[in-house]
Amino acid sequence: MEKDLGDRPRSSDSLWQVALDQSASGIVIYEADRRDDGQIDALWVRLVNRRAEDIIGLARQDMINQKAANLFPSAQPTTLWENIHHVINTGKPHRSELFYQVSRTHKDHWFDLCIEPVGDGQCAVVSFTDITALKSTTQALMGEAILFETLSTTVPGMCVVVVDHNQQILFANGELPGLYSNRHPEEMIGQPIIDTIIPEFKADWKRYVGTALNGEQHSFSDHWGGWRCECYVGPVRNELGEITMGICVYRNVSEQYRQQQTLQRMNNDLQRSNKSLEQFAYVASHDLQEPLRKIKSFGDVLAERYADQLDEAGHDLIRRMQSAADRMNTLIRNLLNYARLTPPTDVSQQANYRLISLIDLLNDLQTDLEVMVNEHQAILKVGTTIPMVPGDPTQLRQLFQNLIVNAIKFSRPDIQPKVTVSGSLIRGVDVPEFPTVDRTQEYAIVSVQDNGIGIDPKDYEKIFGLFSRLHGRQQFAGSGIGLATCKRVVENHGGTIAVESKVGRGSTFRVYLPLHVPEQIVN
Ligand code: ADP
């Protein structure tokens, strides 16, 4: 039994063997056998260490003094034999990386291969270190570096600057924002980042980069010389969580910013003009009512007090004047009503919003409209599957009243008017194109269908405009404010309204209302 090294000294050969067996690299010594013409005929294995046994998968005694060609019959390591021959023949060492499938395990390995000449030029020491793990890490890192470089150069308007612990630039790529005095990223590599920044921003950026290297992250937008940028400055950590670098990412959002500014300006202008229009309509209708009341009451006085002094033509004129005043009164009331329908802009205005049972609301309306329904001998049916929606009850009542009244009013003379109100749920994505529809939420769809005169498709848009009428007053009474009011109400509620019709067959008005109060109303 072998004793420990401390017990008694070993021979220098066995010491060498121990040292060799401790090596992390596989080591094999080959000796060349030459033919008469001096060419190498075969390579013989003369020494094998323990690691080589593990890698090759053969015991030392099965390899020593065997021909290499017999041990490794597969042609795979041909280049290895060629390299060994070359080293033995030239006396020059060889080093390379070798990709090799170990035949016994069928596993692919990368080896760092060193071949050194030894002895009298007949032998070579082949040492091979398994670098498979290192290689795959390097390849992964290279893949990441390529991906990173590709990203930073191909994403339009993107720029990346990476610094080391001393705030020196390791990497800079993409289109540099006006923050940097240099236009060419490759020229900045190796320089302290602060030296590359324009003077007025040096202090700020010294702080951003310094704190980023201590683990702080900064996300903000800024602008330099016509460049509006979204910026990120933060640490880069390794897999142990240690900060190894700092990174600055810039995204040029100048174009989006310009567009957003233009939109904002247009929106403000529009809001201002809407506001003044509303004020105008409100004041005008309010102020018009007073003189109108006077015309009405003077007309009444004329008709009563001076009745016997007027002939039939005079009475007729007064009747027509009173009827015109009544019409104007209706017009002003409708207009006033319309002007009051401003969208809720704050929570206090939204206070009127509550969950409303449209079925109850429509049943109430049915009662209110009984006289009109009877007058026209119409049939009005309200469905039982109409969803509840959040909203302003007065506005929603107005909306459905206008639609039902129109459906009865615009009937065909020879046909009994039939009006059906029905409802169901619909997904936001199925609501027809409308800018404020929230595609992620559900909507109630309520249809008011009639069998009346119908509408030409070319007039679908026009009829929702203020004072838009397709017929004369003699044919159908009205002020042309009804559908404009309906449109306002649904838009105030974050919904939309659409019509589908066939001239001479009937029309269907579809109202889409969100099941939740939309964001723009809450904010
Ligand atoms: P008004 O009913 O006071 O005329 P509206 O704004 O309610 O005004 O309607 C605008 C126009 O749209 C109407 O004048 C009419 O020509 C058309 N219209 C509205 N509803 C219907 C309907 N159900 N069937 C046919 N035409 C309609």
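Overview of the structure. As a convention, each chain's residues are numbered from 1 in the sequence order in which they are written. This being a predicted model, a pLDDT of at least 70 is required before a residue's local features are given, and a value of 80 or more before pairs of side-chain atoms are given or counted; all residues contribute to the totals for chains, interfaces and linings. Just so you know, side-chain values use all the structure's heavy atoms and leave hydrogens and water out.

Some points on the overall build of the chain
So, point 1. Where helices and strands are cited, they refer to DSSP runs of H or I of at least four residues and of E of at least two residues respectively, numbered from the N terminus. A tally of regular secondary structure across the chain gives 15 helices and 17 strands.
So, point 2. Put simply, the radius of gyration uses C-alpha atoms, and a globule should come to 2.2 Å times the residue count raised to 0.38. In summary, the chain has a C-alpha radius of gyration of 45 Å against a globular reference of 24 Å for 523 residues, an excess of more than 25%.
So, point 3. Overall, the C-alpha framework of the chain stretches about 155 × 60 × 50 Å when taken along its three principal axes.
So, point 4. Long-range contacts, defined here as pairs at least 24 residues apart, represent 56% of the contacts in the chain between residues at least 6 apart.
So, point 5. Per-residue and other accessible areas follow the Shrake-Rupley method at a 1.4 Å probe size, with only the shown protein chains counted as cover for residues. With an accessible surface of roughly 30,600 Å², the chain has 53% of that area assigned to carbon and sulfur atoms. In this analysis, two residues are considered to be in contact whenever any of their non-hydrogen atoms come within 4.5 Å of each other.

Focus on the site of the ligand
So, point 1. To be near a molecule or strand, a residue needs just one of its heavy atoms within 4 Å of it. Taken together, 21 residues surround the ligand, and among them Asn 406, Asp 450, Arg 469, Ser 479 and Leu 483 come closest.
So, point 2. Definition of a polar contact: a pair of N or O atoms within 3.5 Å, with one able to donate and the other able to accept a hydrogen when the atoms are protein atoms, and with sequence-neighbouring residues admitted only if both atoms are side-chain atoms. Note that a nitrogen atom of the ligand is positioned 2.9 Å from one of the side-chain N or O atoms of Asp 450.
So, point 3. Here an oxygen atom of the ligand and a backbone polar atom of Gly 482 are 3.2 Å apart.
So, point 4. In isolation the ligand exposes 530 Å². Once the protein is present, 98% of that is buried.
So, point 5. Of all elements in the fold, only α13 (393–409), α14 (482–492) and β17 (506–514) reach the threshold of two or more residues within the shell around the ligand.
So, point 6. At three residues, α13 tops the list of elements feeding residues into the shell around the ligand.
So, point 7. When grouped by side-chain class, the residues that make up the shell around the ligand number nine nonpolar, nine polar and three charged. Charged residues are taken to be Asp, Glu, Lys and Arg, nonpolar residues to be Ala, Val, Leu, Ile, Met, Phe, Trp, Tyr, Cys and Pro, and polar residues to be all remaining types, Gly included.

Considerations on the sheet that holds strand β2 (residues 40–48)
So, point 1. If you walk across this open sheet you meet the five strands as β2-β1-β5-β4-β3, and the pairing is antiparallel. Each edge of the open sheet is held by one strand with a lone partner, namely β2 and β3 (94–102). Mean inter-strand twist for the sheet, computed between neighbouring axes without regard to direction, equals 30 degrees.
So, point 2. Two strands pair when backbone bridges link them, and strand β4 (residues 107–118) and strand β5 (residues 123–130) are joined in this way by eight bridges, in the antiparallel orientation. Within β5, the residue paired with Leu 113 across the bridge is Phe 128. Paired strands, as defined in this entry, are two strands with at least two bridges between them according to DSSP. Here, axes are lines fitted to C-alpha atoms. For helices the fit covers the stretch in contact, and angles between N-to-C directions go from 0 to 180 degrees.

Looking at the nonpolar core
So, point 1. What we call a nonpolar core is a set of buried Ala, Val, Leu, Ile, Met, Phe, Trp, Tyr and Cys residues that are connected through their side-chain atoms within 4.5 Å. Classification of residues uses two cut-offs on accessible area relative to the type maximum, computed with a 1.4 Å probe and protein chains only: under 20% is buried, over 50% is exposed, and between them is partly exposed. Counting 40 residues, the largest nonpolar core has Leu 396, Leu 399, Phe 400, Leu 403 and Ile 404 as the members making the most contacts within it.
So, point 2. Here this core takes eight residues from α13, the largest share from any one element.
So, point 3. In this structure, Leu 399 is in contact with Cys 486, Val 489, Val 490 and Val 511, ignoring residues within four places of it in sequence.

Things to note about the environment of Asp 21
So, point 1. The topology assignment puts Asp 21 in helix α1 (residues 12–22).
So, point 2. Judged by relative accessible area, which is 13%, Asp 21 ranks as buried.
So, point 3. In this structure the C-alpha to C-alpha distance between Asp 21 and Ala 52, which are 31 residues apart in sequence, comes to 8.9 Å.
So, point 4. Residues within four places of Asp 21 in sequence aside, it is in contact with Asn 49, Arg 50 and Arg 60.

Focus: the side chain of Arg 228
So, point 1. By the secondary structure assignment, Arg 228 is in strand β9 (residues 227–237).
So, point 2. Neither His nor the chain ends contribute to the count of charged residues, in which Lys and Arg are positive and Asp and Glu negative. Salt bridge criterion: a side-chain nitrogen from Lys or Arg within 4 Å of a carboxyl oxygen from Asp or Glu. No salt bridge forms around the buried Arg 228; measuring N to O, its nearest opposite-charge neighbour Asp 222 is 6.2 Å away.
So, point 3. A polar side-chain atom of Arg 228 sits 3.4 Å from a polar atom in the side chain of Tyr 257.
So, point 4. Excluding its chain neighbours within four sequence positions, the residues that come into contact with Arg 228 are Ser 221, Asp 222, His 223, Arg 251, Asn 252, Val 253, Ser 254 and Tyr 257.

Points about a nonpolar patch on the surface
So, point 1. Nonpolar side chains collect at one region of the surface, where Leu 331, Leu 466 and Phe 467 lie side by side and expose about 240 Å² of accessible area between them.
So, point 2. Here Leu 466 shows up in the loop between β15 (442–450) and α14. Two joining distances apply to patches: 9 Å for like charges and 5 Å for nonpolar side chains (Val, Leu, Ile, Met, Phe, Trp, Tyr), and every residue must have over 30% relative accessible area and no salt bridge.

Quick word on the pattern of salt bridges
So, point 1. Within this structure, the stated rule accounts for 22 salt bridges.
So, point 2. Across the pair Arg 95 and Asp 112 runs a salt bridge whose closest N-O atoms are separated by 2.4 Å. Here Arg 95 is found in strand β3, whereas its partner Asp 112 is found in strand β4, with 17 residues between them in sequence.
So, point 3. The exposed category is assigned to Arg 95, whose relative accessible area is 59%.
So, point 4. Overall, the relative accessible area of 17% leaves Asp 112 in the buried class.

Considering the packing of aromatic side chains
So, point 1. A pair of aromatic rings is counted whenever rings of Phe, Tyr or Trp (Trp by its six-membered ring) have centres within 6.5 Å, and the orientation is called stacked for planes under 30 degrees apart, edge-to-face for over 60 and tilted otherwise. For the coordinates displayed, the defined rule picks out 13 aromatic pairs.
So, point 2. Each ring, one from Trp 205 and one from Tyr 208, has its centre 5.0 Å from the other, and the planes form 85 degrees; the classification is edge-to-face. One end of the pair is Trp 205 and the other is Tyr 208, both in helix α8 (residues 202–212) and three residues apart, which spans about a single turn.
So, point 3. A relative accessible area of 1% means that Trp 205 is categorised as buried.
So, point 4. Classification of Tyr 208 by relative accessible area gives buried; the value is 13%.
So, point 5. Among the aromatic residues, those joined into a ring-pair cluster are Tyr 180, Phe 201, Trp 205, Tyr 208, Phe 220, Trp 224 and Tyr 250.

Some thoughts on helix α11 (residues 358–368)
So, point 1. All buried positions along α11 are accounted for by Leu 358, Leu 361, Leu 362 and Leu 365. The arc that holds the buried residues of α11, viewed along the axis, is 95 degrees, so those residues lie on one side.
So, point 2. Those residues of α11 that are buried are in contact with β11 (354–357), β12 (379–382), β13 (388–391), α13, β14 (418–427) and β15. The arc in question is formed by the directions pointing from the helix axis toward the C-beta atoms.

A short note on the packing of α13 against α14
So, point 1. In the contact formed by α13 and α14, the axes pass within 9 Å of each other and the chain directions differ by 145 degrees. In this structure, α13 meets α14 at a crossing whose hand is left-handed. From α13, Gln 395, Leu 396, Gln 398, Leu 399, Asn 402, Leu 403 and Asn 406 reach across to α14, where they touch Gly 482, Leu 483, Thr 485, Cys 486, Val 489, Val 490 and Asn 492.
So, point 2. Residue composition of the contact of α13 with α14, by class: seven nonpolar, seven polar and no charged. Handedness of a crossing follows from how the near helix is turned relative to the far one, being left-handed for an anticlockwise turn of less than a right angle and right-handed for a clockwise one.

Description of the pairing of strand β7 (residues 169–174)
So, point 1. Examined bridge by bridge, strand β6 (residues 158–163) and β7 share five bridges and lie antiparallel to one another. By the bridge assignment for β7, Val 163 is matched with Ile 169.

Some words on the sheet that holds β14
So, point 1. As summarised here, the arrangement of the five strands in space is β12-β14-β15-β17-β16, forming an open sheet in which the pairing is mixed. Where the open sheet ends on each side, the last strands, each with one partner, are β12 and β16 (496–502). For this sheet the average axis-to-axis angle between neighbouring strands, irrespective of direction, equals 20 degrees.
So, point 2. Two elements, β15 and β17, share seven bridges in a ladder whose sense is antiparallel. Paired with Ile 445 across the strands is Tyr 512, a residue of β17.
So, point 3. Of the strands in this sheet, β12, β14 and β15 are in contact with α11, which crosses β12 at around 160 degrees.
So, point 4. Along the sheet, α14 makes contact with β16 and β17, crossing β16 at roughly 140 degrees.

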